[in-house]
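Structure assessment
Here's the letter readout for the chains.
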Amino acid sequence: MDFNKKLTNWYSNNKRDLPWRNTKNPYYIWLSEIILQQTQVKQGLPYYEAFVKTYPTIFDLANATEQEVLKLWQGLGYYSRARNLHTTAKHIAFNLDGEFPNNYKDLLKLKGVGDYTASAIASIAFNEVAAVVDGNVYRVLSRYFGIDTPINSTSGIKEFKKLASSLIDREQPATFNQAIMEFGARQCKPKNPDCAICPLQDGCVALQKGLVETLPVKLKKTKVTNKYFNFLVCVDQNKNIVLEKRTGKGIWQNLYQFPLVESKRSLKTNEFHLLNVEEELFKGLKFDYWLYNESDIIHKLSHQHLYTKFWIVEINELPKGSIPVKNLDLYPTPVLISDFINTFNFNNI
DNA sequence: AATTCGGGGAA
DNA sequence: TTCCCAGAATT
């Protein structure tokens, strides 16, 4: 039995029953693929269910506001995916008359859709022979064929795409693509794969040469920078609170947070004045403040470690941009902020 | 070609 | 801890 036959046979016996596998609707396929970018099935599944329920058609998604879409996306991370999702939904609904692009070339033009996602939608929804190369495919192919070209190098990306394209079953591209990804996720796992029960052990170069643990090869890791965040939780006696929208570049674009002042180091309880907010933000208004957490709350992102303090500022007259505390749940916020909101007892104010 | 986008799962 | 996840866009 050859590679394809063993792979698809394994798939038919081991595939998970996932909701996006029970449809050919390109809208649902697209939605699932965007959600699953750099995201494990277990984490993305509840979000997929919520989006399908809230936005049954692409027109429902197109007619939503970005704030609503981001709110439903809250907690999933990589928020440009949600912004691009909404942009593309509007484009398809209003410019393309709701007609979903039905081939790799046109799918690739959509915002938020790159080589992997265009291939996935084209093959799964439209049966086009387009090979997917995701993290799972890199791992399976690098091990089985014993390829040590770094998977995140330009040459590696081309080499694996070419290899996958030469292997894909031209009769069943949808099944082959999903099979090799599922195989990588469940059998040919990153750590401690059970090669003893692997149906592909016969031809696996990495297994013969003892390279299973060293493949695939990936170029270096990114450096992490530390940042020191001071959030100003400004509330008045009527339970109104100041919320601001993050604009510009960087993390959490278009999400909401409490007014933020960065410092060059972690501040102590008696160093509030170093934030220089008396004159700028509060313009001489009278206020009291206290520190919610003496030890930093450390929020870890891929490239940043955020050492965070929440300063509770009780003030009579709020600066611009205040909302009732009870309306906080209407606004999309980073996990760092939503965790605070869910923990802090505003009744103490 | 390298960096920048989150957050959580799994060992 | 560390690595990884059904990657894409930007620099």
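Residues numbered from 1 in each chain as written. Chains lettered and ligands numbered in written order. Predicted model: local features only at pLDDT ≥ 70, side-chain atom pairs only at ≥ 80, totals over all residues. Heavy atoms only, no water.

Let's talk about the protein's contact with DNA strand C
The environment of DNA strand C is formed by 30 residues, the closest being Gly112, Gly114, Thr117, Arg139 and Lys249. Close to the protein, within 4 Å, the atoms of DNA strand C are drawn from sugar and phosphate at a rate of 68%. Within the side chain of Asp134, one N or O atom sits 2.9 Å away from a sugar or linking oxygen of DNA strand C. Here Asn136 contributes a side-chain N or O atom positioned 3.1 Å from a phosphate oxygen of DNA strand C. Mapped by element, the contributors of at least two residues to the surface near DNA strand C are α8 (115–126), α9 (135–144) and α11 (173–186). Residues belonging to the surface near DNA strand C are distributed by class as follows: 9 nonpolar, 9 polar and 12 charged. (Near = heavy atom within 4 Å. Polar contact = N/O pair within 3.5 Å; in protein donor to acceptor, adjacent residues only side chain to side chain. Helix = DSSP H or I, 4+ residues; strand = E, 2+ residues; numbered from the N terminus. Nonpolar A, V, L, I, M, F, W, Y, C, P; charged D, E, K, R; others polar.)

Things to note about the packing of aromatic side chains
Applying the stated criterion across every chain yields a total of 29 aromatic pairs. Ring centres of Phe3 and Phe145 lie 5.9 Å apart, and the angle between their planes is 45 degrees; on these two criteria the pair is classed as tilted. Linking Phe3 in helix α1 (residues 3–14) with Phe145 in the loop between α9 and α10 (154–167), this pair joins segments that are 142 residues apart in sequence. Judged by relative accessible area, which is 8%, Phe3 ranks as buried. For Phe145, a relative accessible area of 31% puts it in the partly exposed group. With a centroid separation of 6.0 Å and 45 degrees between ring planes, the pair formed by Tyr27 and Trp30 is classed as tilted. Note that Tyr27 and Trp30 are positioned in helix α2 (residues 26–35) at a spacing of 3 residues, about one turn of the helix. In this structure, Tyr27 and Trp30 share a single accessibility class: buried. (Phe/Tyr/Trp six-rings, centres within 6.5 Å; stacked < 30°, edge-to-face > 60°. Buried < 20%, exposed > 50% of the residue type's maximum accessible area, 1.4 Å probe, protein only.)

Details of the pattern of salt bridges
Applying the stated criterion across every chain yields a total of 6 salt bridges. Asp115 serves as the salt-bridge partner of Lys161, at 2.9 Å between the closest nitrogen and oxygen. With Lys161 in helix α10 and Asp115 in helix α8, this pair connects stretches of sequence that are 46 residues apart. Lys161 gets classed as partly exposed once you look at its relative accessible area, which sits at 22%. Judged by its relative accessible area of 31%, Asp115 falls in the partly exposed class. We note a salt bridge from Arg265 to Glu271, for which the minimum N-O separation is 2.9 Å. Classification of Arg265 by relative accessible area gives partly exposed; the value is 40%. Take Glu271: its relative accessible area is 14%, and that puts it in the buried class. Salt bridges linked by common partners bring Arg16, Arg21 and Glu182 together as one network. (Salt bridge = Lys/Arg side-chain N within 4 Å of Asp/Glu carboxyl O.)

Some points on the pairing of strand β5 (residues 260–263)
Along β5, the buried face is formed by Val261 and Ser263; none of Leu260 and Glu262, which line the opposite face, is buried. Taken together, the 4 bridges between strand β1 (residues 225–235) and β5 define a ladder with antiparallel strand orientation. The residue of β5 that forms the bridge with Phe231 is Leu260. (Pairing = 2+ DSSP bridges.)

Structural notes on the protein's contact with DNA strand B
In the vicinity of DNA strand B lie 25 residues, with Thr154, Gly250, Ile251, Trp252 and Ser302 positioned nearest. The protein-proximal atoms of DNA strand B, defined as those within 4 Å of the protein, are 61% sugar or phosphate. A distance of 3.0 Å separates a phosphate oxygen of DNA strand B from a polar side-chain atom of Tyr79. Class assignment for the residues of the surface near DNA strand B results in 8 nonpolar, 14 polar and 3 charged.

Considerations on the side chain of Gln187
Counting through the fold element by element, Gln187 comes out in the loop between α11 and α12 (205–209). The class for Gln187 is buried, based on a relative accessible area of 8%. Look past the residues within four positions of Gln187 in its chain and what remains in contact with it is Trp10, Glu182, Pro193, Asp194, Cys195, Ile197 and Cys198. (Contact = heavy atoms within 4.5 Å.)

Focus: the pairing of strand β7 (residues 297–300)
Inspection of the sheet shows β7 paired to strand β8 (residues 304–315) by 4 bridges, in the antiparallel sense. Along β8, the bridge assignment pairs Ile298 with Tyr307. In textbook terms, the turn of a hairpin is the stretch between consecutive antiparallel strands, and for β7 and β8 this stretch comprises 3 residues.

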